[in-house]
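An overview of the molecular structure
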Amino acid sequence: MNAAVATSVFGAFMVLTVALGLLAVRRKGTEKGRPAGLAEWSVGGRSLGTVFIWVLMAGESYTSFSYLGAAGWGYNSGAPVLYVLAYMSCGYALGYVVGPMLWAYARRHGLVGITDMIAHRYRAPWLGAAVALLATVCLLPYIQLQITGMGVVVSTISYGAISINWAYFLSFAVTTGFVVISGLRGSAWVSVLKDVLVIGTLGFLAVYVPLHYFDGYGPFLDRLVAEKPQWLTFPGHDSGGLGQVWFVTTTLVNSLTVVIFPTTVAGYLGARNAEALRRNALYLPFYNVLLFVPMLLGMAALFVVPGLTGADSNLALFTMVVDSLPAWAVGLVGVAAALSSIVPMAVFMLVIGTMWGRSLLGAIPRLRKGAAGAASGDGGGEAAGGRQKLWSQLVVVGAGALALLLTYTAPDTLVRLSLISYEGMAQLVPMLLLGLVWRRLTLHAAVSGLVAGFTLVCVLVFGGHDPVWGMNAGIVGLAVNVVVALAVTWLGPRAADGRPDAEVLALDDEFPRDGVPSRGAPVSPPASS
């Protein structure tokens, strides 16, 4: 009976999720009077306001990691998990500047993602394709992370009635169908539902669990300090040496990475104007406060469900939920956690599809010619944009299927998967951000730095040397990346680039507070054209 009630609640909300995605697409299509193209599907037609941008980008804060990995790491190690709060808060501060800069640059030149921006900046469509491949390698583990997380949630809230393997497939099928149909706008609409449930369920659990199991926070914290003090200081309990140096370097590299992460940039580019991004950067840190809840309740589970080891520690929070709440409430908490997987996973898959549709499959000569037509507004360009959208949607299905296969054949812990993604993506920071503000950075220098940094990260991470000398491997790779890029810039060849600064760089006067590029120049075709 409990399984039937919980899964019924879950199923009803999944139907509502798909319905919201369809409604978002249908409403916009009705307004425009024509089928949505690639820009509408991938970046919401660049028309999302402050509220939709806020709830969409908050999906980066609340994923399956929040309910499972954060609680599991709090259960296993304690204090080191606070890096999540630190890097996100610092990343939002950086996003106040970086978000409007990237938004204005992409809008001015008709670009829809970081691969477009890189290809345009360095006049190298092949580099955009290469970055798309690299970003896909880094994003696939994150999709696998969400499939794993949602699968664990579905299996747990069904009281074991749905096997974990079928739960993995269900998470893949629901998310893939949703993102293919609805695109970024549908994800933004569903984010509203997700955030209402996340705030409600985590707020309830923050009060309920300490009262139910410990008679309040006072007795719980007294017991934690008395019996588990090593969970409250660095390097935590049995964390493998994640001390203060690791905390600082991880916060630094992740805060730099999150502002250029492809999913974050997709949120930037979906904004109606730059001011919406600035307001969003101010509001998002308030949402982060809720992340304390799963971290703290993971430590509470030490006394309620002791002895969890390995991947089972990720169930620390949900074990208490299933043990103490009625089935309908278990279903609601499960829906909140599942939507916290669906929304970010949908955006990850959408970004991979867009990168491939534009920078890889879009490099086919016929599509490149069409892309140029699309920028100039002719019918052939519109048809080519439709083909690029179709290619992108097919890639979404393929990427999701590959991530599902990895979930079955190469499972890993949730935290490790997310760290690999961030450490790899960090190596794009010099190529993109430094390249958009410093014209002297050459193509050869940017590529050399990227190759050196990414190679070093792979050697360190997969060789079991992360952290190295107490530092996050990503920051070591990033430091080597920058040094190599600067050395090659000063010592290597300098290719002639006759374009004016306004065509190459993201200049300060290009993103004033009203969000309208000051020069008023028409949008130019993307570099792949």
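A brief report on the enclosed structure follows. (Residues numbered from 1 in each chain as written. Predicted model: local features only at pLDDT ≥ 70, side-chain atom pairs only at ≥ 80, totals over all residues. Heavy atoms only, no water.)

Right, let's get into the overall build of the protein. Looking only at helices and strands, one finds 22 helices and zero strands in the protein. The buried share of the protein, reckoned over its 529 residues, is 58%. By sequence separation, contacts in the protein at least 24 residues apart represent 85% of the contacts at least 6 residues apart. (Helix = DSSP H or I, 4+ residues; strand = E, 2+ residues; numbered from the N terminus. Buried < 20%, exposed > 50% of the residue type's maximum accessible area, 1.4 Å probe, protein only. Contact = heavy atoms within 4.5 Å.)

Right, let's get into the environment of Arg278. With respect to the helices, strands and loops of the structure, Arg278 is situated in helix 12 (residues 274-288). Using a relative accessible area of 6% as the deciding quantity, one classes Arg278 as buried.

The subject of this paragraph is the packing of helix 5 (residues 83-109) against helix 11 (residues 262-269). Here helix 5 crosses helix 11 at 70°, and the two axes come no closer than 9 Å. For the element pair helix 5 / helix 11, the angle class is roughly perpendicular. Here the hand of the crossing between helix 5 and helix 11 comes out right-handed. Facing helix 5, whose interface residues are Gly95, Gly99, Leu102, Trp103 and Ala106, helix 11 presents Val265, Tyr268 and Leu269. Of the residues belonging to the contact of helix 5 with helix 11, the class tally is six nonpolar, two polar and no charged. (Axes fitted to C-alpha atoms, helices over the stretch in contact; angles between N-to-C directions. Parallel < 35°, antiparallel > 145°, perpendicular 65-115°, else oblique. Left-handed = near helix turned anticlockwise from the far one by under 90°. Nonpolar A, V, L, I, M, F, W, Y, C, P; charged D, E, K, R; others polar.)

Before going further, it helps to spend a moment on the environment of Leu277. On the secondary structure map, Leu277 appears in helix 12. Residues Leu277 and Val98, 179 residues apart in the sequence, show an inter-C-alpha distance of 9.5 Å.

Relative orientation and spacing of two packed helices are given, respectively, by the angle between their axes and the distance between those axes. Orientation of helix 5 relative to helix 6 (residues 114-122), taken along the N-to-C sense of each, is 70°, at an axis distance of 11 Å. Taken together, the axis directions place helix 5 and helix 6 in an arrangement best described as roughly perpendicular. Touching Leu102, Tyr105, Ala106 and His109 of helix 5 are Met117, His120 and Arg121, all from helix 6. Classifying every residue of the contact of helix 5 with helix 6 gives four nonpolar, two polar and one charged.

Time to look at the nonpolar core. Counting 153 residues, the largest nonpolar core has Tyr67, Leu102, Met117, Ile143, Leu428 and Met431 as the members making the most contacts within it. If you tally residues by element for this core, the top one is helix 15 (residues 327-360), at 19 residues. (Core = buried A, V, L, I, M, F, W, Y, C linked by side-chain atoms within 4.5 Å.)

All right, on to the pattern of salt bridges then. Summed over all chains, the structure comprises seven salt bridges. Notably, a salt bridge pairs Glu275 with Arg278, separated by 3.3 Å at the nearest N-O pair. Residue Glu275 and its partner Arg278 are both found in helix 12; the two are separated by three residues, about one turn of the helix. Across the pair Asp497 and Arg439 runs a salt bridge whose closest N-O atoms are separated by 4.0 Å. Of this pair, Asp497 sits in the loop between helix 21 (473-491) and helix 22 (501-504) while Arg439 is found in the loop between helix 19 (429-437) and helix 20 (443-462), placing the two residues 58 residues apart along the sequence. (Salt bridge = Lys/Arg side-chain N within 4 Å of Asp/Glu carboxyl O.)

Quick look at a nonpolar patch on the surface now. Taken together, the side chains of Val18, Leu22 and Ile181 make up a nonpolar region of the molecular surface, amounting to roughly 230 Å² of accessible area. Looking at Val18, the relative accessible area reads 31%, which means it is partly exposed. (Patch = residues over 30% accessible without salt bridge, like charges linked within 9 Å, V, L, I, M, F, W, Y side chains within 5 Å. Areas by Shrake-Rupley, 256 points an atom, 1.4 Å probe, with all protein chains shown as cover.)

Two aromatic rings are characterised by how far apart their centres lie and by the angle between their planes. What the rule picks out here adds up to 15 aromatic pairs. An aromatic cluster is built from Trp73, Tyr83, Tyr87, Trp246, Phe261, Phe348 and Tyr422, whose rings are joined through pairwise contacts. Looking at Arg121, its charged tip hangs above the ring of Tyr122, at a distance of 4.5 Å from the centre. (Phe/Tyr/Trp six-rings, centres within 6.5 Å; stacked < 30°, edge-to-face > 60°. Lys NZ or Arg CZ within 6 Å of the ring centre and 35° of its normal.)

Apart from glycine, the bulk of residues carry a negative phi angle, and the bulk of peptide bonds sit in the trans form. Cis geometry marks the peptide bond from Phe234 to Pro235; its omega dihedral reads 5°. In this structure, Pro235 sits in the loop between helix 9 (217-227) and helix 10 (244-258). At Asp215, a residue that is not glycine, the phi angle is positive and equals roughly 65°. Mapped onto the elements, Asp215 comes out in the loop between helix 8 (164-214) and helix 9. Its identity is not glycine, yet Asp238 carries a phi of approximately 50°, on the positive side. In this fold, Asp238 is placed in the loop between helix 9 and helix 10. Taking the relative accessible area as the measure of exposure, Asp238 reaches 70% and is therefore exposed.

Moving on, we come to the side chain of Ser313. Secondary-structure assignment places Ser313 in the loop between helix 13 (292-304) and helix 14 (316-324). For Ser313, a relative accessible area of 1% puts it in the buried group. Those residues within four positions of Ser313 in sequence are excluded, and the remaining contacts are Gly72, Tyr75, Asn76 and Leu308.

This brings us to helix 7 (residues 125-157). Taking 1.5 Å of rise per residue, the 33 residues of helix 7 would be expected to cover 48 Å, and the 47 Å separating its terminal C-alpha atoms lies within 8% of that figure. Residue Cys138 marks the point of greatest curvature in helix 7, where the axis turns by about 30°; the proline Pro141 follows within four residues. Most of helix 7 sits out of view: 28 of its 33 residues are buried. Looking one or two places after helix 7, you find Tyr159, whose phi comes out positive at around 55°. (Expected span 1.5 Å × (residues − 1). Bend = angle between axes of the 7 residues up to and from the residue.)

These figures capture arrangement, not role.
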